Amino acid sequence: MSSPHGVVIIGAGFGGIGMAIRLKQEGVHDLVVLEKADEVGGTWRDNTYPGAACDVPSHLYSFSFAPKSDWTRRFPAQQEILRYLRDCADAHRVTPHIRFGSEVLEAVFDEDAGVWRIRTTAGELSARVLISACGQLSRPSMPAIEGLGTFAGKGFHSARWDHDYDLTGKRVAVIGTGASAIQFVPPVAERAGRMHVFQRSAPYVIDKPDRPYAEWERALLRRVPALQALHRAKIYLSYESRIAAFVKYPQLMDRAAKVTLRRLAEQVADRDLRRALIPDYPMGCKRILLSGDYYRALTRPGVELVTDPIERITPTGVVTRDGKERTVDAIIYGTGFDAGAFLAPMRITGRDGLELNEAWREGAQAYLGITVSGFPNLFLLYGPNTNLGGNSVIFMLESQIRYILGCVAAIRRHGLAWIDVRPEVQRAFVEDVQERMRATVWNRGCSSWYTDERGRHVANWPGFTVAYRRATRRPDPRDFQVRTA
Ligand SMILES: Cc1cc2nc3c(=O)[nH]c(=O)nc-3n(C[C@H](O)[C@H](O)[C@H](O)COP(=O)(O)OP(=O)(O)OC[C@H]3O[C@@H](n4cnc5c(N)ncnc54)[C@H](O)[C@@H]3O)c2cc1C
């Protein structure tokens, strides 16, 4: 095998591209980005369904070190985000570092050499530092419904949208009413002949204050960069202030729930439909969704909300527990992602042959969501407990990127073979996170992808993003065991 690369990054979404840009800016050019697909973008490459868009305003859902003044809308649509990421990769000369069509299957740490040996679908390579940027929401989750494989019509997951299949006039079943479904239901309802939306749990849906930016606004932001920075800061502060209701004062959510249910009543006149759309859990416990047209779409003629649980799928349609079959031409699975799998299905083996899935048998955990004891020189982006309910994931990624840059600089500056976070440091962090979770809205008695099957909170950060930024400001050498080269 040829000599090891300085840094290998897995994944070319926001995390991988941002990490590569910042490494290059810090003078680390010996880096390779491995991407299993044939294009950058991650989430925003895969989720091309009609209506796909971000729930965080564009000026905040972008890198602080790569501002874009001419966002066309307040909330960016999928294509515009994807274009932004492509432009970032090109402008910062990251694209030549990316090896597309390279899926990482396995990585094994060679403790003596201080090197990660990486096996991909396109060959083998090695690295001093390995950074995983494979995302939390990149593996579509299909429901375990009896007969799913027998359906003879068209079936696809929202993250694998089949644009060659024309839904015009078709009878369509939508399974799930989560963040993706509420975005694609309105545009599909306009085209479909009939639509049955199968709901297991009603979401809280609040208005999305979206609008295009006027030409004069874009010109102003372009000409006065300080104004753009101010605009971003204002959006950040307004989102950050809402975090209080998620992590400190969940009772504030009850007031917001009342307002949301009033809006529901204004938009849905039919009593039975309205009743079916009232969530049966406290607001915020599951992801709060944003839409200006979801409720209206459900009131269209030819659209039916089905709350009876699905019993099975047949070659011709979907059967509910009451024995009724809805015959359909297509089934669209808006059933979300396998969020808790983190680095799986990759096999990552650290010191003493410890495999990551084995280390995580009690649940995924990492110090600051970034480093895992026993896995030296491995860093995670968007790892356990770094997701948010109320602010931009890009802000969190930037905090992680800065921390990892600090680790890479320390390894280089001190000529270290590797650094490995101390187990007791990780344990104390994880205990603190789980303890703080008790006061949050996610602990108010609902099940969601935020928790694992044991009820541990593995996805979200239980605090303000500014606190996370502070905690990740720079690595503390006392937190690590080190081996000199
Ligand atoms: C539909 C949808 C809407 C969202 N909306 C919001 C929002 O409004 N606000 C918000 O803050 N966040 C949102 N998110 C979360 C979003 O995932 C993050 O904001 C961000 O895009 C994560 O970037 P990432 O680079 O960490 O992961 P991803 O974008 O998932 O990228 C991971 C990349 O790694 C690659 N990869 C994975 N495994 C391997 C492997 N073994 N080998 C090689 N390559 C691999 C994948 O192909 C992919 O390109 C949304 C997510 C989804 C799915």
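Rules used in this analysis
- Residues numbered from 1 in each chain as written.
- Predicted model: local features only at pLDDT ≥ 70, side-chain atom pairs only at ≥ 80, totals over all residues.
- Heavy atoms only, no water.
- Pairing = 2+ DSSP bridges.
- Helix = DSSP H or I, 4+ residues; strand = E, 2+ residues; numbered from the N terminus.
- Axes fitted to C-alpha atoms, helices over the stretch in contact; angles between N-to-C directions.
- Buried < 20%, exposed > 50% of the residue type's maximum accessible area, 1.4 Å probe, protein only.
- Contact = heavy atoms within 4.5 Å.

**A word on the sheet that holds strand E7 (residues 154-157)**
As a general point, the strands of a sheet are linked pairwise by backbone hydrogen bonds and lie either parallel or antiparallel. If you walk across this open sheet you meet the five strands as E7-E16-E8-E9-E12, and the pairing is parallel. Single-partner strands in this sheet number two, and they are E7 and strand E12 (303-306). Taking each pair of neighbouring strands and ignoring which way they run, the sheet shows an average axis angle of 15°. With five bridges connecting them, strand E8 (residues 171-175) and strand E9 (residues 194-198) associate as parallel partners. Looking at E9, one finds that Ala-173 is bridged to His-196.

**Things to note about the pairing of strand E13 (residues 310-313)**
As judged from the three bridges shared by E13 and strand E14 (residues 317-320), these two strands associate in the antiparallel manner. Residue pairing in the sheet places Ile-310 in a bridge with Thr-320 of E14. Connecting the antiparallel pair E13 and E14 is a turn made up of three residues.

**Quick look at the sheet that holds E13**
Sheet architecture is open: three strands sit in the order E13-E14-E15, paired in antiparallel fashion. The two strands at the open ends of the sheet, each matched to only one other strand, are E13 and strand E15 (325-327). The sheet shows a mean angle of 25° between the axes of neighbouring strands, taken without regard to direction.

**Here's the deal with the environment of Ser-69**
Tracing the chain through its elements places Ser-69 in the loop between helix H2 (43-46) and helix H3 (78-91). A relative accessible area of 15% places Ser-69 in the buried class. Note: C-alpha distance between Ser-69 and Val-224 (155 residues apart in sequence) is 9.4 Å. Among residues more than four places away in sequence, those in contact with Ser-69 are His-59, Arg-218, Leu-221, Arg-222 and Gln-228.

Function cannot be inferred from these measures alone, as they are strictly geometric.
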